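For reference, the chains in residue letters:
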Amino acid sequence: AIQRARIAGVSVGRGGCEVYGESVLDFAEDLELNDDQSAQIRAAQRDTRRAGIERRADIEVAEMDLEALYAADQPDLAAIRSQLEVLAMLDVDNQIAGLSLRQQVRQILTPAQLESLDDMRKSDETRSFVVYAGGTGGRTIRLGGFDCWR
C-alpha cells in the first residue's frame with residue numbers, strides 16, 4: 001500500500017535537511033564556533049529531532065491507516081485521498097522543519113562563518129557530503145555537496 005502511495009506521488013517521510021546543525025558542528029573547528037554557538041546549534045537540533053520523532057510516529061500511523069483503506073473490499077477513494085493528503089502534509093512538515101533548522105543555525109553564525117560555510121560547500125573536498133534525510137526508514141541521500149545549506 002505504501003509503495004502505491006509513493007507511486008501516486010506521495011513522498012512519504014522525507015526530512016529535508018534535518019541534521020543541518022549536526023553537519024555544521026562537524027566543521028565547528030574550521031568555522032571557529034564558540035561554545036555558545038555550539039550549544040545553541042545543539043539545542044535547535046535537539047528540538048528539531050524531538051519534533052521529528054513525533055512526526056515519524058504520525059507518519060507510521062498514517063501509513064498503517066492507509067494500508068487498511070487499500071485492503072478494504074470496496075476501497076473508499078475519498079478516504080484514501082484524504083489519507084494521502086495527511087501523508088503529504090506530514091512530508092511538508094518534515095521539510096519545513098529541516099528548513100527551519102537551517103535558518104536557525106544560519107542566524108547563529110556570523111557573516112564570516114556563513115561565508116566560510118559557503119566556501120566549504122563549494123569546495124571539491126566537501127562536495128560529496130552525505131546528509132541524513134529523516135524518513136521512516138532512515139534513508140541517506142547524497143545532496144551533491146551542501147546544497148541544503150544554502
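Refer to the structure printed above.
Note that the structure is a prediction, hence the values are computed from the model and not measured.

Engineer: I tried to follow the environment of Gln-104 on my own but got confused; where do I start?
Structural biologist: With respect to the helices and strands, Gln-104 occurs in helix α5 (residues 77-108). Taking the C-alpha atoms as reference, Gln-104 lies 9.1 Å from Gln-40; in sequence the two are 64 residues apart.

Engineer: Would you mind going over unusual backbone geometry with me for this structure?
Structural biologist: A negative phi holds for most residues other than glycine; trans holds for most peptide bonds. Phi at Glu-32 takes a positive value of approximately 55°, unusual for a residue other than glycine. Tracing the sequence through the fold places Glu-32 in the loop between α3 (28-31) and α4 (35-71). Owing to a relative accessible area of 65%, Glu-32 belongs among the exposed residues under this scheme.

Engineer: Looking at this structure, how should I read the side chain of Gln-113?
Structural biologist: Relative to the helices and strands, Gln-113 is located in helix α6 (residues 111-122). A distance of 2.8 Å separates a polar atom in the side chain of Gln-113 from the backbone nitrogen of Thr-110. Excluding residues that lie within four positions of it along the chain, Gln-113 makes contacts with Leu-31, Glu-32, Leu-33 and Gln-37.

Engineer: Is there a simple way to explain the pattern of salt bridges in this structure?
Structural biologist: Oppositely charged side chains can pair when the atoms bearing their charge come close. Applying the stated criterion to the full structure yields one salt bridge. Residues Arg-106 and Asp-118 are paired through a salt bridge, measuring 3.8 Å at the closest nitrogen-oxygen approach. Pair noted here: Arg-106 is in helix α5 and Asp-118 is in helix α6, with a separation of 12 residues, a long-range link.

Quick notes on the rules
- Residues numbered from 1 in each chain as written.
- Predicted model: local features only at pLDDT ≥ 70, side-chain atom pairs only at ≥ 80, totals over all residues.
- Heavy atoms only, no water.
- Helix = DSSP H or I, 4+ residues; strand = E, 2+ residues; numbered from the N terminus.
- Buried < 20%, exposed > 50% of the residue type's maximum accessible area, 1.4 Å probe, protein only.
- Polar contact = N/O pair within 3.5 Å; in protein donor to acceptor, adjacent residues only side chain to side chain.
- Contact = heavy atoms within 4.5 Å.
- Salt bridge = Lys/Arg side-chain N within 4 Å of Asp/Glu carboxyl O.

In short, shape yes, function no, at least from these values alone.
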